Amino acid sequence: MCGIIGYIGHKKAVPILINGLKRLEYRGYDSAGIATIQESQLHIQKQPGKISQLSDHLIHSNLEGTIGIGHTRWATHGEPNYVNAHPHCDCTGKISIIHNGIIENFMALRMELIEKGHRFKSDTDSEVLAHLIEEIYLRCGKLEEAVRIALAQVKGTYGIAVICSDLPRQIIGACKGSPLVVGIGENEHFLASDVCAIVDHTRNVTFLSDNELAIITKDDFIIKTIEDIYVEKKIEEIAFDLEKIEKGGHPHFMLKEITEQPQTIYDSMRGRLLAEEGTARLGGIQNDLDSLLYARRLLITACGTSWHAALIGEYMIEEFVRIPVEVEYASEFRYRDPIIHRDTVVIAISQSGETADTLAAVREAKQKKAKVLGICNAVGSSIARHTDAGIYLHAGPEIGVASTKAFTSQVTVLSLLTLLLSRMTIMSANKGREIAQELLRIPEKVRSILDHKDEIQQIARIYADCQNFLYLGRGYNFPVALEGALKLKEISYIHAEGYPAAEMKHGPIALIDQNMPVIFIATRDSTYDKIISNIEEVRARKGRVIVIATEGDDEIMLKADHVIYVPATMEFLTPLLTIIPLQLLAYYIAVIRGCDVDQPRNLAKSVTVE
Ligand code: AGP
């Protein structure tokens, strides 16, 4: 989704801004732009489309300024075109702003400002900020004060950066509900919505909290609240491996991340799985175990892929811990006044830790006095900071828009949580050790599936032209069916539906004919016989059948057009294996169809608007 970078220092701003914007590309965007100040003049360059188009354009512009702001926009209000691209400008052409988030009362503010004589150029909600700041600045003559007063009038969410040609030695940033980080360098400072944008330059950062303002100059920075109170901030050194945000020889981040899963699954368990004792240690929630064990129910909230992982968590925890678990889309949770008792524990799952709906659900749950735990990948993210405690995935940065390694790490962490809680209550040490041993074997089993990726690519070639797909699974593999279908539709734009296999006969069976490929996840588990009947039902209607099956199940070949084998494992861990061929299948189909795998149309990596 939208991205922000700001730079002030001793170097030329433009190359730093462009590099930062490239680092933010993975978030998804449809236009990009920068503003710099040179010889007391504001210069704005913006462009719909890719950052490469913007930088081609900039080659001829000779901008020398050492201060600037840059933005990638993911359209919400107004189509992705030149005028709607950020930065936006006030009427005087002196003030320029970039904005992430949504100004909910922009219409009312805009009308008021138009009445006062302001001329708007774009359809965006963001432009209102430039004019509102201008209006106040012209009265009080102080930019910082104008920004503070303007923000106090705004309803909604924002991460902003503001520059003004009257004050070419400072950038003002502020945030509420949309992240912003200050990067601290040697005679240079940065602002960014995501540390990826600045890690080429510094690892020393401080994260702004909601309603805080940063004033950065070449040599210094200060942080205040929007009520003008100084805030002391801790400077953190972030551990960041640049290699992890490079493709490392892979044609796409998605393939790199799929391939990394043996390691990332292991990393999620490392230091946490206690094989000898047959349990797990989860330091981040060590003080919250009683709340979990004595909870009347657990409520897991998330969006998209993280929601699919949550469903698997529900099945695991209910089976092994026998605590009622409910899973709810964060966007629904937030607006339906859910019943949350003091002894309800809410768990928010999010790869990015910035998803607006999930963050809003966290706030709602906290307001209702629930204990709220987080399962996040991005360290220091908003959800990680707003929850009472949590567990990090340790999967490393996920750049491909389609989530892959984060999903398997989420399922791994949920299985550790299940093991820990169950061992504290009803599970024997022997059973715990058996599970721990099997968890340790999972990375190798994932590797063995990846070794067969060429066969999956062959199958992709056969089905790449299809218009529809159905994914069916039962039990633990029902959420895998949902996730497999989501992967395919996200990156190949093929319509795909995931269903519990038994539900097929209640409707989707009407879709089955010789043109409908149906992917069954039919591993040898407690629902195997039932799902075989569902396969027969599809075959009887001439549907094309692709099965994800357990190695050694030769009979299944007689019932399928294609079989992709995965190693046997414990039933509750099968999602960690069965999802791998589905990720690969979606990937290869998208590549064959010529789709932009890492930045699929209309999608954003972290959805920071509701
Ligand atoms: C996954 O492939 C999607 N791009 C999307 O559904 C994603 O999982 C969802 O937006 C939630 O993101 P989060 O885990 O960062 O909160």
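This report concerns the structure included in the present document.

Conventions adopted
- Residues numbered from 1 in each chain as written.
- Predicted model: local features only at pLDDT ≥ 70, side-chain atom pairs only at ≥ 80, totals over all residues.
- Heavy atoms only, no water.
- Helix = DSSP H or I, 4+ residues; strand = E, 2+ residues; numbered from the N terminus.
- Polar contact = N/O pair within 3.5 Å; in protein donor to acceptor, adjacent residues only side chain to side chain.
- Phe/Tyr/Trp six-rings, centres within 6.5 Å; stacked < 30°, edge-to-face > 60°.
- Buried < 20%, exposed > 50% of the residue type's maximum accessible area, 1.4 Å probe, protein only.
- Lys NZ or Arg CZ within 6 Å of the ring centre and 35° of its normal.
- Pairing = 2+ DSSP bridges.
- Core = buried A, V, L, I, M, F, W, Y, C linked by side-chain atoms within 4.5 Å.
- Contact = heavy atoms within 4.5 Å.
- Salt bridge = Lys/Arg side-chain N within 4 Å of Asp/Glu carboxyl O.
- Near = heavy atom within 4 Å.
- Nonpolar A, V, L, I, M, F, W, Y, C, P; charged D, E, K, R; others polar.

This next bit is on the side chain of His252. Of note, His252 is situated in the loop between β14 (236–237) and α6 (253–259). Among the polar contacts made by the side chain of His252, one reaches the side chain of Tyr587 at a distance of 2.7 Å.

The next point concerns the packing of aromatic side chains. On inspection of all chains with the given rule, the structure shows seven aromatic pairs. Ring centres 5.2 Å apart and planes at 55 degrees place the aromatic pair Tyr7 and Phe190 in the tilted group. Within this pair, whereas Tyr7 is found in strand β1 (residues 3–8), its partner Phe190 is found in strand β10 (residues 189–192), the two being separated by 183 residues in sequence. Summarising the burial analysis for this pair, Tyr7 and Phe190 share the class buried. Taking 3.9 Å as the distance between ring centres and 10 degrees as the angle between the ring planes, the aromatic pair formed by Trp307 and Tyr329 counts as stacked. Residue Trp307 is found in helix α9 (residues 304–320), and its partner Tyr329 is found in strand β18 (residues 325–329); the two are separated by 22 residues along the sequence. One aromatic cluster in this structure is built from Tyr463, Phe469 and Tyr471. Here the basic side chain of Arg601 rests over the ring of Tyr493, its NZ or CZ set 3.9 Å away from the ring centre.

Within strand β6 (residues 95–100), six of the six residues are buried, leaving the element largely enclosed by the surrounding structure. Side-chain alternation along β6 places Ile95, Ile97 and His99 on one buried face and Ser96, Ile98 and Asn100 on a second face that is also buried. Bridge count for strand β5 (residues 88–89) against β6 is two bridges, and the pairing is antiparallel. When the bridges of β6 are listed, Cys89 appears paired with Ser96. The antiparallel hairpin formed by β5 and β6 contains five residues in its connecting segment, where Gly93 sits at a positive phi of about 75 degrees.

Let's shift gears to the nonpolar core. The biggest cluster of nonpolar side chains holds 97 residues, and the ones touching the most others in it are Ile285, Leu292, Leu298, Ile347, Phe469 and Tyr471. Once residues lying within four places of it in the same chain are set aside, the contact partners of Tyr471 are Ala481, Gly484, Ala485, Leu488, Ala496, Glu497, Gly498, Tyr499, Ile519 and Leu582. In this structure, Ala13, Tyr26, Ile34 and Leu54 belong to the second largest nonpolar core, which totals 32 residues.

Among the secondary structure elements, Ser409 is positioned in helix α13 (residues 405–423). Here the side chain of Ser409 touches Ser268 through a polar contact of 2.9 Å, side chain to side chain. In this view, Ser409 contacts Thr264, Ile265, Ser268, Leu393 and Ala395; residues no more than four positions away in its chain are not counted.

Evaluated as defined, the whole model comprises 32 salt bridges. In this structure, Asp267 engages Arg270 in a salt bridge whose closest nitrogen and oxygen atoms are separated by 3.1 Å. For Glu490, the salt bridge identified is with Lys487, shortest N-O distance 3.5 Å. Placement of both Glu490 and Lys487 in helix α16 (residues 477–492) is noted, with a separation of three residues, approximately one turn of the helix. Residue classification places Glu490 among the buried residues on the basis of a relative accessible area of 15%.

So, on to the site of the ligand. Neighbouring the ligand are 15 residues, the closest being Ser306, Ser350, Gln351, Ser352 and Thr355. Separating an oxygen atom of the ligand from a backbone N or O atom of Thr305 is a distance of 3.0 Å. Taking Ser352, its side chain carries an N or O atom lying 2.7 Å from an oxygen atom of the ligand. Put simply, the parts of the chain that give the shell around the ligand at least two residues each are α9 and α16. Classifying every residue of the shell around the ligand gives five nonpolar, eight polar and two charged.

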